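Examination of the molecular architecture
One-letter residues, chain by chain:
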Amino acid sequence: MEEKKILGNLHSIETMGTLDGPGNRTIFFLKGCPLRCLYCHNPDTQSTASLKQISPEEVLNTALRYKPYHGQEGGVTFSGGEPLLQGAFLHQALKLLKENGFNTCIDTSGIGDKEYYKKIMPLVDTLILDVKAFDAKSFRDICRGNFKSFQRFISKLKDYGFAGQIWIRHVMLPGYTDNKGAMEKLIEVIEPIKNFVERIEILPYHTNGVAKYEQMGLEYQLKGLEPMDPKKAKDLEIYANKVFSQALKRSQEIVENRQKEKLKEFSEREIKVDEDQEALYQRFKNFSLIAGLDSEVKREILGNIKLFQIKTDQFVFKSGDRANYMYIVVKGRVKIYQYTLDGKEQIFYIYREGDYIGGLNLMDYTSYLYTGRAIQDSEVVAIPRDIFMKHIYTSPVALQQMLKKSFERIRWAEELIERLAVTNATMKTAGLLTRLSREIGVKTKEGIKLELALNREELGSYTGLTRESITRKLGEFKDLGYIDLIGNRVVLIKDLEALENMAF
């Protein structure tokens, strides 16, 4: 028996969209929406009935035709209506697009066919999330929807396999959500997905769709409501982004405080060495780092070490800790990692018996940029910095071992960089600007002036972003009042605190 072909109910196609996702995009507007928003400007997309149908293969063929115009950032967006309402079709279309190298985006209200969420979300690069309202009553009044269903959707996004970026959008209604209190509620609502959020947009209510209601013989529910003042909407958008950046900072501080509390336990894990010095010497003398040193030097080093027992998931050190010791793994495994700017954990290395950590940090006496954590019960030797500087830093034999290991790690890092997916552009760009403010920033009356030696494309490469991405983010930061742009090579930072809040 022939398998039934999956088709999608199509409203229309836009071939060169620039507002619904990054870059230039081919946009498929699908029919059907479970909500009835008072301000809906496309009521003709609400019904699932459609004279046009399209197959996933036809979606791919259309997208391939326009792919040359997408550039590095662009791709395909599914909008509506509510695209998640057509789960089976959307899944098959996204699967074909990803197999052919397309960047994908869904514009959704978060209320659709739950059966397909786990199949769809891993295939989505950008989610444009329309946040209609911020509590049950308002959600019901404004869009006739169930707020709990929306909350459940965003709280489970990670469980559904989503690992992309989110653009938050909210249509601001005069007299409903046009105030600072509403913007604060918006930030509370999106708290579960804060590490995915790449931008927050406030769209001023307009009446451009009223004529469609008249053509369709429908009553427009907001008749007489004046359009939202665009300037007021922009001011509240800036305020919402400010509140969001502050919330990010508070969240990070909570995490760091918890980590600090755990690290206080580290000193309590020191193993009291009962072995005599000879036994200790025999046990550790063949570590590669000190194997080539004179026996007397080895004995002095080993006479000053500390031996720690680290349980699974306990920290050896964390990002920001001052390098007071060189750590050598005696037993077990320790992962070296850092959280990417969008909150994901990125492992750089897994250290095993005989591997050592922290040489460069001890030489410069700088803080660790990454975190070390046991992935199984482990024992770690800690060599104090003064002993390291006296006997290892001054030894050509030991430095040769360190140099060899460093080259191995550089090669590994180069391979890792090639594999890394692009992370949150907002946080990457904010991080770049805050670093540059410390390194080359000049304080002026107007703000911190950065005279850059890099063009936009080079800046993008420095952050792991495309030229289009870095240009777009700089433009957004300018609109939000965080920076000003003077030509192509000068950036004036006007709100360093806002950037710092987003740049951890």
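Residues numbered from 1 in each chain as written. Predicted model: local features only at pLDDT ≥ 70, side-chain atom pairs only at ≥ 80, totals over all residues. Heavy atoms only, no water.

This part covers the overall build of the protein. Scanning the protein from N- to C-terminus turns up 17 helices and 20 strands. Looking at the protein as a whole, 48% of its 504 residues qualify as buried. Sequence-distant contacts in the protein: of pairs separated by 6 or more residues, those separated by 24 or more amount to 72%. (Helix = DSSP H or I, 4+ residues; strand = E, 2+ residues; numbered from the N terminus. Buried < 20%, exposed > 50% of the residue type's maximum accessible area, 1.4 Å probe, protein only. Contact = heavy atoms within 4.5 Å.)

What follows covers helix H5 (residues 147–155). Within H5 the residues assigned to the buried category are Phe-147, Phe-150, Phe-153 and Ile-154. With its buried residues spanning 120° around the axis, H5 presents them on a single face. Tucked into the core, H5 has its buried residues touching helix H3 (117–120), strand E6 (126–130), helix H4 (136–143) and helix H6 (180–189). Sitting at the head of H5, Asn-146 places a side-chain oxygen 2.9 Å from the backbone nitrogen of Lys-148. (Arc of directions from axis to C-beta. Polar contact = N/O pair within 3.5 Å; in protein donor to acceptor, adjacent residues only side chain to side chain.)

Strands in a sheet are paired, the pairing made by backbone hydrogen bonds, and the direction either parallel or antiparallel. Taken together, the eight strands give an open sheet; going across it, the order is E3-E1-E2-E4-E5-E6-E7-E8, and neighbouring strands pair in mixed fashion. This sheet does not close on itself; its edge strands, each paired only once, are strand E3 (52–54) and strand E8 (197–204). The sheet shows a mean angle of 25° between the axes of neighbouring strands, taken without regard to direction. Where strand E1 (residues 8–17) meets strand E2 (residues 25–30), five bridges bridge the pair, whose relative direction is antiparallel. In the strand pairing of E2, Ile-13 is matched with Phe-28. (Pairing = 2+ DSSP bridges. Axes fitted to C-alpha atoms, helices over the stretch in contact; angles between N-to-C directions.)

Turning our attention to the layout of surface pockets. A water-sized probe rolled over the atoms picks out the places where empty space is left. In this structure, the second largest pocket occupies an estimated 960 Å³ of space. In this structure, the second largest pocket is lined by 38 residues; those nearest its centre are Asp-20, His-41, Asp-107, Arg-169 and Leu-203. Contributions of two or more residues to the lining of the second largest pocket are made by E1, E2, strand E7 (165–172) and E8. Among the elements that line the lining of the second largest pocket, the one with the most residues is E8, at four residues. In terms of residue class, the lining of the second largest pocket is built from 14 nonpolar, 13 polar and 11 charged. (1 Å grid on protein atoms, 1.4 Å probe; cavity = no way out; pocket = protein on both sides within 12 Å on 5 of 7 lines; lining within 4 Å. Points joined across faces, edges and corners; volume = space filled by probe spheres on them. Nonpolar A, V, L, I, M, F, W, Y, C, P; charged D, E, K, R; others polar.)

It is worth spelling out the packing of aromatic side chains at this point. For the coordinates displayed, the defined rule picks out 13 aromatic pairs. Ring plane angle 65° and centroid distance 5.2 Å describe the contact between Tyr-117 and Tyr-160, whose orientation is recorded as edge-to-face. Taken as a pair, Tyr-117 in helix H3 and Tyr-160 in the loop between H5 and E7 lie far apart in primary sequence, 43 residues in all. A relative accessible area of 2% means that Tyr-117 is categorised as buried. Judged by relative accessible area, which is 9%, Tyr-160 ranks as buried. (Phe/Tyr/Trp six-rings, centres within 6.5 Å; stacked < 30°, edge-to-face > 60°.)

Of all six residues that make up E2, six are buried, and the element is covered over most of its length. Side chains Arg-25, Ile-27 and Phe-29 of E2 all project onto a buried face; the interleaved residues Thr-26, Phe-28 and Leu-30 project onto the opposite face, where all are buried too. Inspection of the sheet shows E2 paired to strand E4 (residues 75–79) by five bridges, in the parallel sense. Counted as the bridge partner of Phe-28 is Phe-78 from E4.

As a further point, take the side chain of Thr-126. Mapped onto the secondary structure, Thr-126 falls in strand E6. A polar side-chain atom of Thr-126 sits 3.0 Å from a polar atom in the side chain of Gln-165. The residues touching Thr-126, leaving out its near neighbours within four places in the chain, are Pro-22, Thr-104, Cys-105, Ile-106, Gln-165 and Trp-167.

Residues Phe-78, Phe-153, Ile-168, Leu-186, Ile-190 and Ile-193 are the most contacted members of the largest nonpolar core, which totals 94 residues. In terms of residues, this core owes the most to one element, helix H8 (residues 230–263), which gives seven residues. Setting aside chain neighbours within four positions, we find Ile-168 in contact with Leu-129, Val-131, Leu-186, Ile-190, Ile-193, Val-197, Arg-199, Ile-200 and Glu-201. (Core = buried A, V, L, I, M, F, W, Y, C linked by side-chain atoms within 4.5 Å.)

A few words now on the sheet that holds strand E17 (residues 442–443). Strand order in this open sheet of four strands is E17-E18-E20-E19, and the pairing throughout is antiparallel. Only two strands of the sheet have a single neighbouring strand rather than two, namely E17 and strand E19 (483–486). Both E19 and strand E20 (residues 490–493) contribute to a ladder of four bridges, which runs antiparallel. Each residue of the ladder has a partner; that of Ile-483, found in E20, is Ile-493. Sitting on the sheet, helix H14 (residues 425–439) touches strand E18 (448–451), E19 and E20, and the angle it makes with E18 is about 95°.

What follows deals with the environment of Ser-378. Of note, Ser-378 is situated in strand E16 (residues 378–384). Residue classification places Ser-378 among the buried positions, given a relative accessible area of 3%. For the pair Ser-378 and Gln-309, spaced 69 residues apart in the sequence, the C-alpha separation amounts to 6.0 Å. Not counting residues within four places of it along the chain, the set of residues in contact with Ser-378 comprises Phe-308, Gln-309, Ile-310, Lys-331, Gly-332, Arg-333 and Val-334. In terms of polar contacts, Ser-378 uses its side chain to reach the backbone amide nitrogen of Arg-333, at 3.1 Å. Reaching out from Ser-378, the side chain makes a polar contact with the backbone oxygen of Gln-376 at a distance of 2.7 Å.

An α-helix turns once every 3.6 residues. As a result, residues three or four positions apart point the same way. When the terminal C-alpha atoms of helix H2 (residues 87–99) are compared, their 18 Å separation across 13 residues agrees well with the 18 Å that a helix rising 1.5 Å per residue should span. Every buried residue belonging to H2 is among Gly-87, Phe-89, Leu-90, His-91, Ala-93, Leu-94, Leu-96 and Leu-97, and all of these are buried. At the exit of H2 stands Gly-101, carrying a positive phi of roughly 80°. (Expected span 1.5 Å × (residues − 1).)

Once that is clear, we can look at the confidence of the model for the protein. Summary statistics for the protein give a mean pLDDT of 84 and a share of 87% for residues scoring 70 or more. The model gives residues 418–422 a pLDDT under 50, and that stretch makes five contacts with residues more than four places away or in other chains. (pLDDT = per-residue confidence, 0-100.)

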